Amino acid sequence: MDQIETGSGSVLREYGSEQNLLSKPDGSATFLQGDTSVLAGVYGPAEVKVNKEIYDRATLEVVVQPKVGMSSVRERAREQCVRETCEAVLLSTLHPRSSLTLILQVVHDDGSLLSCCLNAACMALMDAGLPMGRLFCGVTCAIDSDSQIITDPTAQQERESRALMTFAIDSKERNVLMSSTKGSFSVKELQQCIALSQKASEKIFQFYRDSVKRRYSKIL
Amino acid sequence: KTRKLEKNCYRKSYVWLIHMATRLDGRQTYDYRNIRITFGTDYGCCTVSLGKTRVLAQVSCELVPPKDSRPTEGIVFFNLELSPMASPAFQPNRQSELLVTLNRQLERCLRNSKCIDTESLCVVSGEKVWQIRVDVHVLNHDGNLMDAASIAAISALSHFRRPDVAIQGRDITIFSPEERDPVALSIYHMPICVSFAFFQQGTYLLVDPCEKEEQVTDGLLVIAMNKHREICSIQSSGGIMLLKDQVLRCSKIASVKVSEITDLINKALENDKRVRKEGGRFGFAESMPKERITALKRDEAPVEMTGVQEMAEEFLSKGEAAPEVVSSPVIVATGTGQLGEGVQSTWGLEEEDEEDECQGEMDKEEKKKKKAEKGTAFTFHQLFFFHFSDEVMVISDSEEEEVVVLNPEAPYVFSLFSEYSYQ
């Protein structure tokens, strides 16, 4: 298990996004990765309940809604991952005693769901105009039984993999903001996946830049 | 107080507008907003946009035992959820009156009208029937949630395919979608709700009210009807009193609207069927508008591999040497496994600190055993302590001499966390 193959499996599926598609939320975005699709809506800064208020910063609440059934522990775990990433980048001290609510609706799950949620969340926060110190993106890697690393796996590839990792990468220094892993892998494999995710994140950040440039092309 | 003032202002201006026979968004009194129906990649997934109101519906199925009172009929279950995304007034997990009203009306419209043939959902009478579950999520609230929800629900039901089942005597075989093509539900007719908003005690009426209009309306009338001009349900709320000819006029308008909407749904279903048959691209990814300035799409992109190995080597060389890696825990007996062995504590804690932890449910003190099944998720931290071992390690320094391996048949509960005893 010395040398990990990082050959043809490293492709990012076709991705796309649309911003400002809902009229009620302050910011909304949908992000598609292959067939996986997540819709994000942001409200804020808004009034916060007294029992939830923090005196010097905004309170961030994340809700992940599955398509079928009631939300369970799995959704709570995803909410935690997304919330920690967002709290690391949002300048919440600019809005003390306010609430920021981020709602993620799973529209279709075909693998890499957590990274799709992260990307949709970032685009929705940008659309809402909330002040952020840096942007973030999510990349999922899977290690299959032949020790090959696959980025942005489909649901089928996730099922057959022996390890699955999602990293939230920041835009300034490509640091890892959050990592969520499942399965067994070696330290070397982990570092390779992190390095690979950092490379892949460049494409996604370029996509953010292009989307925003396109959106404000008529104004600027 | 300001809300009431606002409402009154709105009301007055609205009534004046309607009197002049126009609406705020330029529609006529009997006009519907633009309806857009798109289907997702898997069967039974549908998004409906009624103007700015957006609703997502998903149909799923599962085999369950039938209700005692109806052993030969399948079950259809509706669940409408007001996502907190749809409006700042919707909080998660809060049962509001609007939610109950919408759920009830959706049930009456689709279940009581018997539009789905529940007898065909029976697999083994009295034992196994299909339960069809329809989840409707409201994504954006700009008025007239009822109509949008009913259109989404019936479109999703018409689009849905359940797995094929073969019964031979007592053996039931359920085929996966790859083995045999899934089967459509048997739907007799498509009931669709049409909402009417009344103003000035029934003098003025509007079809398909938007959110601002809904807020100032006196009363609401919802008629569920199908293409064959059969009324499936009528509901009047708000406490206004309507005359017989008003209700008849509404039902005539409804029948026209319902036939238009049914044609639209059928066209969308036909399109989707055709695209799937031709092997073209389908799903929400395709229906995303490309020509909008707020939307962007990128094709499949390979990730550049140059320098990845070097980057990884750099990180590894900076850190300390990693220990040997093992990919599975030692399975000692069924349901009991061992994960690593302890290391010297660097905390310098006293011995008696962790004695209290071992009380509780254990009669006999247990060594570092952790109930682990194959393929359980291990945290990265624990991986540092993987070691190959065939035998049980005695790690702790406890006073008990014998090592006891707990069996799953034991009557007491085995707690899941592992304790490291420090020296």
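Residues numbered from 1 in each chain as written. Chains lettered and ligands numbered in written order. Predicted model: local features only at pLDDT ≥ 70, side-chain atom pairs only at ≥ 80, totals over all residues. Heavy atoms only, no water.

An unreviewed UniProt entry annotates chain B as Exosome complex component RRP45 originating from Astyanax mexicanus. Under Sequence similarities (unreviewed entry), UniProt gives the following word-for-word description of chain B: "Belongs to the RNase PH family." (UniProt positions renumbered as here; feature names shortened; annotations may be inferred.)

Chain A appears in an unreviewed UniProt entry as Exosome complex component RRP46 from Astyanax mexicanus. Under Sequence similarities (unreviewed entry), UniProt gives the following word-for-word description of chain A: "Belongs to the RNase PH family."

**Q** It is not clear to me how the interface of chain A and chain B should be interpreted in this structure. Could you clarify?
**A** With 62 residues of chain A in contact, the opposing surface of chain B contributes 60 residues. For the pairing of chain A and chain B, the buried interface totals around 5,500 Å² over both sides, and the portion due to carbon and sulfur atoms is 61%. For the pair chain A and chain B, the number of links is two salt bridges. A salt bridge links B:Asp42 to A:Lys67; its shortest N-O distance comes to 3.8 Å. Here chain A and chain B share 10 residue pairs in polar contact (both at pLDDT 80 or more) between them. If you tally residues by element for the side of chain A that touches chain B, the top one is helix H4 (residues 187–215) of chain A, at 16 residues. Its residues placed into classes, the side of chain A that touches chain B shows 25 nonpolar, 22 polar and 15 charged. (Contact = heavy atoms within 4.5 Å. Buried area = accessible area lost by both parts, 1.4 Å probe. Salt bridge = Lys/Arg side-chain N within 4 Å of Asp/Glu carboxyl O. Polar contact = N/O pair within 3.5 Å; in protein donor to acceptor, adjacent residues only side chain to side chain. Helix = DSSP H or I, 4+ residues; strand = E, 2+ residues; numbered from the N terminus. Nonpolar A, V, L, I, M, F, W, Y, C, P; charged D, E, K, R; others polar.)

**Q** Sorry if this is basic, but what is going on with the layout of surface pockets here?
**A** Residues and elements named next belong to chain B. Quantified by volume, the second largest pocket comes out at close to 1,000 Å³. Forming the boundary of the second largest pocket are 30 residues, of which Asp42, Tyr43, His159, Arg161 and Pro182 lie nearest the centre. Of all the secondary-structure elements, those providing two or more residues to the lining of the second largest pocket are strand E3 (53–64), helix H3 (145–159) and helix H5 (244–278). The biggest single contributor to the lining of the second largest pocket is H5, with seven residues. In terms of residue class, the lining of the second largest pocket is built from 14 nonpolar, seven polar and nine charged. (1 Å grid on protein atoms, 1.4 Å probe; cavity = no way out; pocket = protein on both sides within 12 Å on 5 of 7 lines; lining within 4 Å. Points joined across faces, edges and corners; volume = space filled by probe spheres on them.)

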